[in-house]
Amino acid sequence: MLMNLLINFLKGTDLKARRKSSMLSKTAAVLLLLAVTATAQQQQQQQAQQQLESAKRQVIPAAASTATEPAKGKPIIMDFQQLGDCTKDTGLSPAVDFCSTQSALTKPGQAHWYRFNVLEANSAFTLHFLVRTQNGRVRMGLWFPGQAMDSEPSVSADVLLSSSFAQEQYITIPAQQLFHSPGIYMLQVMNEYGAPQYSLRADLTPSTTLLAAEDRKHLQTIINDCCPNGGFSMVCHMLTQAVAAESMDTDLCHQSAVQCDSKGHITDLVLQGANSESDLTCPKFSAGFAALPKLTRLDLAGANLGADLPTIGKALAPATQLKWLVLRTAGLQGELSCDIILPSVQLLSLTRNRLTGSIPECFTQPKGLLHLYLSDNALSGPLPDFSADSSLQLLFARDQFRDGKPSLGGSLPASLANARNLQYLQLSNTGLTGGIGELPANMKYLNLSANALEGPLPALPAGLVSLDFSLNSILGRLPDDMSAHAHLVDLQAFANKLQGPLPAKLPPNLVQLAVAANELDGELSALPRGMKYLSVAQNQFEGVLPDGPGAAGLWFADFSSNKFTGRIPSAFSQSEGLVYLNVSRNQLDGIEAAGAWSTPVLVTLDISNNNIAGHIVPELAQQPSLAYINLSSNKLAGNLKPFAAALTADTRVGAVFDVSDNQLTGDIPEGMMYLAAFSTAPTAFPSWNELDTTGYPVKVFNVARNNLDGPFPSFLSTALVGLVAQHCSDTPGSCNMYVAINGGNNKLYCPAKADPATKALLPEDYSLLARQNVGCVAKDGVTYEISSVLQGKPVKLKLSEVPVMPTAQPREAYYPNVAAAMPGDVPNNVPASRVKVVQQQQRTMPALPVAAIAGIVAGGVGFIALVAVLGYVVVYRKWYTVRAAQSFKKMQEGPLAATAEGATVNSSSPAAALPSLTAPVPAAVAAAEGTLGGDDRV
């Protein structure tokens, strides 16, 4: 299909347009065509093999469908016969326009599988799958005949819209592909976040159904109005082809997200762009849109619309069946207007435009509108009143900024309590002040983070699923007994002024809890079994760390900067799923079952600044994912030999290895060369460590201030040469590595002769090497800088010049609403409210080393270079704990899912289990792929 479209695109370009196009554009098009052709040939070979395998299998009748219990680790498989008239003789048939079903996924990673059979005799149709969710998000994938269910899907769904609690995805399989690949297909719908209720719809468009003549005429009007100079964009070209199409290969009814009814009338018109000059550009809003007689959905996200909202509203007034109107990132300006609230529209998205002015009451008191998205504009407050008879169920209006400051302001209206239909409210980072009054009884999702709210927390609605009031000044205590809140799975309250202990009875199905940087105290109670994320850092908690099934199920655990005593429990030292553990800056004195340490997916371990004695656990060297190891400032003794002996070249751990400020003895064994700190390979960290790592060490080896005694390790100077060349430049502060072996009672003796590997070093290499300030002790007892020793011109090492790690600063474009913020989402200047928080924290808190993340840098022509960046930084304690607590919102963007009936992982689901530990930063990926991401991709 793509190859045909590209060939027709090249053929259809007139001579004049071709001459105007650049040689680079022609070359790119030819290269793309060659790539697509090669891919098509490979697909044809795969399809031939699939046909052969399909011929060997018998058709599975409906009676043979099996459904097994999820608890047994096997997927539930349902036949499409359960969806009504979609099937005929055990195979899909285009006898009807569509069929659908509704269901729910209540457990993290839970998946529903649907099986259907495509018979060659009945495959003359294009197949569209559309899934819509509420209360969470899903992932949809399709497995072709003969493909193993535990492999990656053949086709993954494309996202039309996505917010925290609403989503829409689609998959389109052209008729030609179905014809060449008959057999049994498997469709999976998997819980990605929340407890989603979903509707799954299958549309079958017969090959005989072509775009109606009436709609072709209206599309021509749209082309005339929105494709100036013939339009060189793919969207304009697709529309041009649709007008002239004579077969289903280029007919609009058989293209991706566009949907038609049985008579060829367009029902869903999705023309998403990327705000480039080559996308739809409509100086005036085309009357052709409203003229489409059966149009129910219009998505012009990323188009360049020149009209204001009153003009668009009046132009669309004749579209009496229109239910979904998406104008996200469409270049809209001016003030909100009630003209855009059309009687039939149920979903309206005006996200990420340049709209100003106040919000009229018609937006909070509509009679038919259900979902309203206004985020990322410059709207001003105060919020208008809500009414009891308003139909509005969802209002997202986060991140309202003007001149770098939150622009909405004002307080929450008391009438909010009357909005009986309102279930989802997102007003983070808008400048709200005052208190949080009574909440609507049916509220399920509430995000008021990063504002200036104060006062006590009100009574919480019984059905609340997610609550975020972090980065405010909320006072008082959390309720002592929250066991009645069985639906609450996500509670974020970090960086407030909460006091007292945590609830003695937490919500039984709580998955994520972040209460860092408050004034909480007391002991921690037992954790719910389904909890995955816990951050209680920077409080005054005491007693022992939690143990038991709830603690053992955590993926992310941050207990740093408290007063915990005792030992690190075996729930953490023997955890199958733990990815991040930070117990630094407490009063811990040991590790339970240290000799049996087993954490196969643990990436970050920080137990620094405690009273832990004994030797370094050699089992840490055998943990396959452990990239960050910080054991500094304890009472560790013994030597490094057992740990070094456990290291191997195949399993590299410790890109960051810090055992400074202990009581270690002996030399630095040669086996330490197998640490990832001395490898030139990149290291990836989980995406929740969101710190700016520019100019910070990506490789760290720190054994400073111990009692080490022995020869300067021969591997170290050679390793430093390669690492310095890779990670350092002449720009001050640009060296992304850090090695410290001196200080305290360390005495590492200088080599008697220079390493042969250093003979090829240039003067500038020595200059870079000298920047590490690594020294060795000569026979005269003086410590000399190693690069000068290697050159035969020893210079005394000045320990005072050992580099101090820089303080990490927050990304300017990375705001408190972590799940929503992405590069370019917000103004470059940090808002005043955020600056105040950061400055206050920097005045009062000492330093804390933490691990940051790996990023991606794409560059060059024809290739993408991956550069992983780990930040080993020194940050102010309270600022760090706020950032660490924020980080769990990133986990919402991964497979971590909330539940109202418990939290388990269906390990049989191919896409289930842990978040990717080697994946690039989500924001970077989204930017590279041109997605809009965040809370409001609608």
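Preceding block: the structure.
Bear in mind the structure is a predicted one, so any value in this text is a computation, not a measurement.

Colleague: I'd like a description of the overall build of the chain, backed by residues and values.
Modeller: Helix and strand counts for the chain stand at 19 helices and 54 strands. Considering the chain as a whole, with its 938 residues, one finds that 56% of them fall into the buried category. Element-wise, carbon and sulfur atoms account for 53% of the exposed surface of the chain, whose accessible area totals about 36,200 Å².

Colleague: I'd like a description of the environment of Leu-383, backed by residues and values.
Modeller: Following the sequence through the fold, Leu-383 ends up in the loop between strand S21 (378-380) and strand S22 (394-396). For the pair formed by Leu-383 and Thr-364, sequence separation is 19 residues and the distance between their alpha carbons is 8.8 Å. Not counting residues up to four positions away in its chain, the partners in contact with Leu-383 are Ile-359, Leu-408, Leu-412, Pro-413 and Leu-427.

Colleague: Any chance you could break down the packing of aromatic side chains for me, citing the residues and the numbers?
Modeller: Summed over all chains, the structure comprises 16 aromatic pairs. An angle of 70° between the planes, with centres 5.4 Å apart, marks the rings of Phe-144 and Tyr-185 as edge-to-face. Placement of the pair is Phe-144 in the loop between strand S6 (125-143) and strand S7 (155-156) and Tyr-185 in strand S10 (residues 183-206), with a sequence separation of 41 residues. Classification of Phe-144 by relative accessible area gives buried; the value is 8%. Through pairs of rings, three or more aromatic residues link up here, namely Phe-643, Phe-657, Phe-678, Phe-701 and Phe-715.

Colleague: Talk me through the state of the cysteines; I want residue IDs and the actual numbers.
Modeller: Following the criterion strictly, the structure yields five disulfides and no others. Covalently, Cys-227 is tied to Cys-236 through a disulfide, its sulfur atoms 2.1 Å apart. Residues Cys-227 and Cys-236 share a disulfide whose torsion about the S-S bond is about -95°; that sign makes it left-handed. For Cys-236, a relative accessible area of 2% corresponds to the buried category. The disulfide partner of Cys-338 is Cys-362, and the gap between their sulfur atoms is 2.1 Å. Across the S-S bond linking Cys-338 and Cys-362, the dihedral sits near -95°, which makes this disulfide left-handed. Within this pair, whereas Cys-338 is found in the loop between strand S17 (333-335) and strand S18 (347-349), its partner Cys-362 is found in helix H9 (residues 361-364), the two being separated by 24 residues in sequence. Here Cys-338 falls in the partly exposed class, since its relative accessible area comes to 39%.

Colleague: Provide a residue-level description of the sheet that holds S21, including the pertinent values.
Modeller: Ordered by their spatial adjacency, three strands build an open sheet running S17-S19-S21, and the pairing between neighbours is parallel. Strands with a single pairing partner mark the edges of an open sheet, and in this sheet they are S17 and S21. The mean inter-strand angle of the sheet, taken between neighbouring strand axes irrespective of direction, is 10°.

Colleague: I'd love a proper account of the sheet that holds strand S26 (residues 433-434), names of residues and values included.
Modeller: Paired through backbone hydrogen bonds, the strands of a sheet run either parallel or antiparallel to each other. Read across the sheet, eight strands follow the order S26-S28-S30-S32-S34-S36-S38-S40 without closing on themselves; strand pairing throughout is parallel. The open sheet has two edge strands with one neighbour each: S26 and strand S40 (587-591).

Colleague: Tell me about the nonpolar core, residues and numbers included.
Modeller: Core analysis: the biggest nonpolar cluster contains 158 residues, and Phe-559, Met-672 and Phe-701 have the highest contact counts within it. Residue contacts for Phe-701: discarding those within four places in its chain leaves Phe-657, Ile-668, Met-672, Leu-675, Ala-677, Phe-678, Tyr-738, Val-739, Ala-740 and Ile-741. In this structure, Cys-99, Leu-127, Tyr-185 and Ala-202 belong to the second largest nonpolar core, which totals 24 residues.

Colleague: Go over the layout of surface pockets, please, and point to the residues and values.
Modeller: In this model, the second largest pocket occupies a volume close to 830 Å³. As for the second largest pocket, its lining consists of 37 residues, of which Leu-130, Arg-132, Ser-199, Arg-201 and Trp-324 are closest to the centre. For the lining of the second largest pocket, the elements supplying multiple residues, two or more each, are strand S4 (98-104), S6, strand S9 (166-173), S10, strand S11 (259-260), strand S12 (266-270) and strand S20 (371-373). Taken together, the residues of the lining of the second largest pocket break down into 14 nonpolar, 15 polar and eight charged.

Colleague: Could you give an account of helix H8 (residues 309-316), with specific residues and numbers?
Modeller: Since the α-helix turns once every 3.6 residues, residues separated by three or four places project in the same direction. Considered for burial, the residues of H8 that qualify are Leu-309, Ile-312, Gly-313 and Leu-316. Down the axis of H8, the buried side of the element spans an arc of 100°, and every buried residue falls inside it. Residues of H8 that are buried make contact with helix H7 (288-291), strand S14 (297-299), strand S15 (304-305), strand S16 (324-326), S17 and strand S19 (354-358).

Colleague: Break down the packing of helix H5 (residues 213-226) against helix H6 (residues 234-244) for me, with residues and values.
Modeller: In the contact formed by H5 and H6, the axes pass within 9 Å of each other and the chain directions differ by 150°. In this view, H5 runs roughly antiparallel relative to H6, as classed from their interaxial angle. The element H5 and its partner H6 pack so that their crossing is left-handed. In contact with Arg-216, Leu-219, Gln-220, Ile-222, Ile-223 and Cys-226 of H5, H6 contributes Cys-236, Leu-239, Thr-240, Ala-242, Val-243 and Ala-244. Across the contact of H5 with H6, the residue classes tally to nine nonpolar, two polar and one charged.

Colleague: Provide a residue-level description of the side chain of Asp-399, including the pertinent values.
Modeller: Mapped onto the elements, Asp-399 comes out in the loop between S22 and strand S23 (401-402). Here Arg-398 takes part through its side chain, which lies 2.4 Å from a polar atom of the side chain of Asp-399. Apart from residues no more than four positions distant in its own chain, Asp-399 is found in contact with Asp-376, Asn-377, Ser-428, Asn-429 and Thr-430.

Colleague: Before we move on, can you summarise unusual backbone geometry with the specific residues and values?
Modeller: Residues Gly-381 and Pro-382 are joined by a peptide bond in cis, for which omega reads 5°. Looking at the secondary structure, you find Pro-382 in the loop between S21 and S22. Residue Arg-352 is not a glycine yet carries a positive backbone phi of 55°. Tracing the chain through its elements places Arg-352 in the loop between S18 and S19.

Colleague: Lay out the pattern of salt bridges with the relevant residues and their values.
Modeller: Tallied over the entire structure, the rule returns 13 salt bridges. We note a salt bridge from Arg-201 to Asp-203, for which the minimum N-O separation is 2.7 Å. Judged by relative accessible area, which is 31%, Arg-201 ranks as partly exposed. Residue classification places Asp-203 among the buried positions, given a relative accessible area of 6%. Overlapping salt bridges bring together Arg-132, Glu-168, Arg-297 and Asp-299 as one network.

Parameters and conventions
- Residue numbers here run from 1 along each chain, matching the order of that chain's written sequence.
- Local features in this predicted model are restricted to residues of pLDDT 70 or higher, and side-chain atom pairs are both shown and tallied only at a pLDDT of 80 or more, whereas totals for entire chains, interfaces and linings draw on every residue.
- Derived side-chain values reflect all non-hydrogen atoms in the structure, with water molecules and hydrogen atoms excluded from consideration.
- Helix and strand assignments come from DSSP, with helices taken as H or I runs of at least 4 residues and strands as E runs of at least 2, each series counted from the N terminus.
- Working definition: with a 1.4 Å probe on protein chains only, accessible area under 20% of the residue-type maximum means buried, over 50% means exposed, and in between means partly exposed.
- Methods summary: accessible areas were calculated by the Shrake-Rupley approach with a probe of 1.4 Å, and residue burial reflects only the protein chains presented.
- We call two residues contacting when some pair of their heavy atoms lies within 4.5 Å.
- Between rings of Phe, Tyr and Trp, where Trp is taken as its six-membered ring, a pair exists when centres lie within 6.5 Å; planes separated by under 30 degrees are stacked, by over 60 edge-to-face, and by other angles tilted.
- In this description, the term disulfide denotes a pair of cysteine sulfurs within 2.5 Å.
- By definition, two strands form a pair when at least two bridges between them are found by DSSP.
- Interaxial angle, 0 to 180 degrees, is taken between N-to-C directions of lines fitted to C-alpha atoms, where a helix line uses only the stretch in contact.
- To form a nonpolar core, buried Ala, Val, Leu, Ile, Met, Phe, Trp, Tyr and Cys residues must be joined to one another through side-chain atoms within 4.5 Å.
- Put simply, the grid is 1 Å and covers the protein atoms alone, a cavity is a trapped set of points that fit a 1.4 Å probe, a pocket is an open set with protein on both sides within 12 Å along at least five of seven lines, and lining residues have an atom within 4 Å of a point.
- Grid points are joined across faces, edges and corners, and a volume is the space filled by probe spheres set on the points.
- Charged residues are taken to be Asp, Glu, Lys and Arg, nonpolar residues to be Ala, Val, Leu, Ile, Met, Phe, Trp, Tyr, Cys and Pro, and polar residues to be all remaining types, Gly included.
- As used here, the arc is the angular range of directions from the helix axis to the C-beta atoms.
- In what follows, roughly perpendicular refers to angles from 65 to 115 degrees, roughly parallel to angles under 35, roughly antiparallel to angles over 145, and oblique to any angle outside these ranges.
- Should the near helix be turned anticlockwise from the far one by less than a right angle, the crossing is termed left-handed; should it be turned clockwise, right-handed.
- N or O atoms within 3.5 Å of each other form a polar contact, as long as, within protein, one can give a hydrogen and the other can take it, and as long as residues adjacent in sequence are counted only when both atoms are side-chain atoms.
- The salt bridge criterion pairs a side-chain nitrogen of Lys or Arg with a carboxyl oxygen of Asp or Glu, the two atoms within 4 Å.

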